[in-house]
Amino acid sequence: MPVMPEHTSQMLVEEFETIASGAPETVTLEFVNGRIGVKRPSDGSHGTIVSWLTKRCIQARPDLDLYQTQGLRVDAYRQSRARPDAVLAPEAHFAGYGEWADPAGALMVVEVTSYDSDTDRRDRRKKPAAYGEAGIPVYLLIDRDSCTVTVHSSPDRRVGGYRDVRVAKFGETVALPDPVGIELDTEILKNYVR
């Protein structure tokens with residue numbers, strides 16, 4: 001199969017949604033910047049990190065929920081479909097939405113890296129661009145490869161991505177800026193890497 005240029009979409013978003021709706025529960029598909037991708041199944045440490053983050057967020061902000069695997073329509077033209085590891089939003093915000101919700105109202109999206117070859121392209125480059133273009137205020141990347149937490153804030157809808165990017169090593173305290181307004185002690189994350 002020939003390699004398609006990056007700007008050429010592999011298929012229409014409607015075609016992707018049909019494929020994704022028929023995928024087995026063990027397969028998680030995304031469609032970012034016209035490219036279909038498969039998210040690797042999470043391991044126990046990945047799930048433990050998301051559970052830890054859920055507890056911290058709910059303790060600090062009981063008015064919010066941390067949704068796992070909620071699909072979002074991202075990028076300015078809503079032609080991408082991403083399924084972040086978690087989405088922080090007001091309590092019951094996504095009630096009544098279908099599989100792919102509008103990102104309006106999402107305060108933060110979270111990705112925890114998997115140990116696969118696509119992590120760099122997907123979690124460190126494509127997703128920050130798509131989430132920023134969608135106007136999501138904060139993108140939190142918990143990077144198990146580099147043992148860092150990266151906080152992206154001040155989304156830039158014109159060009160995609162975020163204007164403010166702060167990186168902290170596991171073990172440091174991380175401030176998630178408004179509208180999230182939570183501090184995380186990341187010491188425990190050292191326990192969940194290879």
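Residues numbered from 1 in each chain as written. Predicted model: local features only at pLDDT ≥ 70, side-chain atom pairs only at ≥ 80, totals over all residues. Heavy atoms only, no water.

## Details of the overall build of the chain
Defined as follows: For helices the rule is a DSSP run of H or I covering at least 4 residues; for strands it is a run of E covering at least 2, with both sets numbered from the N terminus onward. Exposure is judged per residue with a 1.4 Å probe applied to protein chains only, and the accessible area is read against the type maximum: over 50% gives exposed, under 20% gives buried, and values in between give partly exposed. Contacts between residues were defined by any pair of non-hydrogen atoms, one from each residue, lying within 4.5 Å. Accessibility throughout is a Shrake-Rupley quantity obtained with a 1.4 Å probe, and a residue counts as covered only by protein chains that appear here.
Scanning the chain for helices and strands turns up three helices and 13 strands. For the chain, buried positions account for 47% of its 194 residues. For the chain, restricting intrachain contacts to residue pairs at least 6 apart in sequence, the fraction spanning at least 24 positions comes to 54%. Working note: accessible area of the chain is about 9,500 Å², and carbon and sulfur atoms make up 51% of it.

## Brief notes about the sheet that holds strand β3 (residues 64-67)
This is how the line gets drawn: For two strands to count as paired, DSSP must find a minimum of two bridges between them. Between N-to-C directions, angles span 0 to 180 degrees; the directions come from axes that are lines fitted to C-alpha atoms, helices contributing only their stretch in contact.
The strand order β3-β6-β8-β9-β10-β11 describes an open sheet built from six strands, whose pairing is mixed. The sheet is open, and its two edges are formed by β3 and β11 (162-169), each paired on a single side. Averaged over all adjacent pairs, the angle separating strand axes in this sheet is 15°, with direction ignored. In the packing of helix α2 (residues 44-60) onto the sheet, contacts are made with β3, β6 (86-90), β8 (108-112) and β9 (138-143), and the angle to β3 comes to roughly 170°.

## Some words on the environment of D43
Topologically, D43 is positioned in the loop between β2 (35-39) and α2. In this structure D43 comes out as partly exposed when scored by relative accessible area, which is 33%. For the pair formed by D43 and S114, sequence separation is 71 residues and the distance between their alpha carbons is 8.2 Å. When neighbours within four sequence positions are excluded, D43 is seen to be in contact with Y115 and R144.

## Considering unusual backbone geometry
Cis geometry is adopted by the peptide bond preceding P179, which originates at D178 and carries an omega value of 15°. If you trace the backbone, P179 turns up in the loop between β12 (173-176) and β13 (182-185). Phi at S154 takes a positive value of approximately 60°, unusual for a residue other than glycine. Exposure remark for S154: the relative accessible area of 33% places this residue in the partly exposed category.

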